[in-house]
Amino acid sequence: MEGNAEETIMTKVCRILIPLLIAMISATLVTTIVSSPKLQEPSLSYLEDSQKQVMKLAGAAVGASTAITVMPGDTATPVAQKLADLSGYFVIILAALYLEKYLFMVMANIGFRFLIPIACVLFAVGQVKWKHALRSAATKLLVLTLSLYLAVPCSTYIAGMVMTESEASIDETIEQAQKASGELKATAEKSRDSDGTLIEKVFNAVSGGVSKVAHEFEDILSSFLNSIAVLLITSCAIPIIVLVVLVLILKSMFNIPVSIPALPYRQGKEGED
């Protein structure tokens, strides 16, 4: 009996000391490792490259919208307005990229220096009192911290594979928009008389007609929409999906029950039975 009592005490002491040791290691060694530039560089480099690409795309869209305004008449005005409206999507994509970047940097430091040690301390205290509540809180905090940290490198890796297939198309859209905008502005300059007034007949003769130019920019608008769709998937959808999957995986690893609401028809059948 005395041997069993001593074993129980030693086991409880180990369950208290081991989480505290893990807390110290996380706050010192692990934080240094996960915060190192070498480990962070791949994800941060991808996010910074994506930000530059989005800004180039936004600049090309604004340039195309501005260039269309030099055309005579209102034929291409709707296209110019739609190109200008794309700026809202670029702001959303940029905000998502900056959020991922700062989340990754913050969680690498605060997550392993403070949150995980706090979770370990809660677990250690939970061996003495308020066992269920503290252990549950510690496990949930640990799952949340690991999920938020791992979500960015995992999502950037997956997004990088997707962008490999679409990057050439996005670059082509930027080049096409910049080229068409430059040509349109040059044509408008050639079509002005001595006092700077745009002569519509000359413009139509040089450019091949307003409708032809408008159709060209409609194709460019379609390319922009395709590029935005890809960027929304890689910058917004994939990170959210990865975060949800990580939370579910970590919950199952730490034995946290995942509640799934019963479907109405199942409830009806159970009531009948």
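Use the structure listed above.
Being a predicted model, the structure only gives us computed values, none of them experimental.

S.K.: Quick question: what am I supposed to make of the overall build of the protein here?
M.R.: Each helix and strand in the protein was counted, giving 8 helices and 0 strands. Helices and strands appear in the protein in the N-to-C order α-α-α-α-α-α-α-α. Evaluated residue by residue, the protein yields a buried proportion of 36% over its 273 residues. Taking contacts inside the protein between residues at least 6 apart in sequence as the whole, the part at least 24 apart equals 81%.

S.K.: What is the right way to read the packing of helix H3 (residues 77-85) against helix H7 (residues 210-253) from this model?
M.R.: Describing two packed helices takes the angle between their axes plus the distance from one axis to the other. One can describe the packing of H3 onto H7 by two numbers: an axis separation of 10 Å at closest approach and a directional angle of 20°. One element, H3, and the other, H7, form an angle in the roughly parallel class. The interaxial crossing formed by H3 with H7 has left-handed handedness. Residue-level inspection shows Val-79, Lys-82 and Leu-83 of H3 in contact with H7, the latter providing Phe-217, Glu-218, Leu-221 and Phe-224. Split into classes, the residues belonging to the contact of H3 with H7 amount to 5 nonpolar, no polar and 2 charged.

S.K.: Explain the nonpolar core here, please?
M.R.: Generally speaking, soluble globular proteins have nonpolar side chains that are buried together. Counting residues in each nonpolar core, the largest one holds 57 residues, and the members touching the most others are Ile-68, Leu-83, Phe-90, Phe-217 and Phe-224. Contributing elements (two or more residues each) for this core: helix H1 (2-34), helix H2 (37-68), H3, helix H4 (87-125), helix H5 (131-190) and H7. Per-element tally for this core: the top contributor is H5, with 14 residues.

S.K.: Help me understand the environment of Ile-22, please; the structure alone is not making it clear to me.
M.R.: Looking at the secondary structure, you find Ile-22 in helix H1. The partly exposed category is assigned to Ile-22, whose relative accessible area is 43%. For the pair formed by Ile-22 and Val-121, sequence separation is 99 residues and the distance between their alpha carbons is 9.4 Å.

S.K.: I keep staring at the pattern of salt bridges and nothing clicks. Help me out?
M.R.: Between side chains of opposite charge, a pair can form when the charged atoms approach closely. Evaluated as defined, the whole model comprises 1 salt bridge. Two residues, Glu-48 and Lys-101, come together in a salt bridge whose shortest N-O distance is 3.6 Å. A residue pair is termed long-range when its members are at least 10 positions apart, and Glu-48 in helix H2 and Lys-101 in helix H4 qualify at 53 residues. When its relative accessible area of 15% is taken as the criterion, Lys-101 is described as buried.

S.K.: I would appreciate a short explanation of the side chain of Gln-53 in the present structure.
M.R.: By the element assignment, Gln-53 lies in helix H2. Apart from residues no more than four positions distant in its own chain, Gln-53 is found in contact with Met-163, Glu-167, Ile-170, Asp-171, Ile-174 and Leu-231.

S.K.: When you look at H2 in this model, what are you seeing that I'm missing?
M.R.: Given 3.6 residues per helical turn, the α-helix brings residues three or four places apart onto the same face. With 32 residues, H2 ought to run about 46 Å at 1.5 Å a step, and its terminal C-alpha atoms sit 45 Å apart, in line with that. The largest bend in H2 comes to about 35°, at Ser-43.

S.K.: Explain a nonpolar patch on the surface to me, please; I cannot follow it from the model alone.
M.R.: Residues Ile-9, Val-13, Leu-17, Leu-20, Val-121 and Val-125 make up a contiguous nonpolar surface patch of about 460 Å² in total accessible area. Of all the secondary-structure elements, those providing two or more residues to the nonpolar patch are H1 and H4. Looking at the nonpolar patch element by element, the count peaks at 4 residues for H1. Tracing the sequence through the fold places Val-121 in helix H4.

Calculation notes
Residues numbered from 1 in each chain as written. Predicted model: local features only at pLDDT ≥ 70, side-chain atom pairs only at ≥ 80, totals over all residues. Heavy atoms only, no water. Helix = DSSP H or I, 4+ residues; strand = E, 2+ residues; numbered from the N terminus. Buried < 20%, exposed > 50% of the residue type's maximum accessible area, 1.4 Å probe, protein only. Contact = heavy atoms within 4.5 Å. Axes fitted to C-alpha atoms, helices over the stretch in contact; angles between N-to-C directions. Parallel < 35°, antiparallel > 145°, perpendicular 65-115°, else oblique. Left-handed = near helix turned anticlockwise from the far one by under 90°. Nonpolar A, V, L, I, M, F, W, Y, C, P; charged D, E, K, R; others polar. Core = buried A, V, L, I, M, F, W, Y, C linked by side-chain atoms within 4.5 Å. Salt bridge = Lys/Arg side-chain N within 4 Å of Asp/Glu carboxyl O. Expected span 1.5 Å × (residues − 1). Bend = angle between axes of the 7 residues up to and from the residue. Patch = residues over 30% accessible without salt bridge, like charges linked within 9 Å, V, L, I, M, F, W, Y side chains within 5 Å. Areas by Shrake-Rupley, 256 points an atom, 1.4 Å probe, with all protein chains shown as cover.

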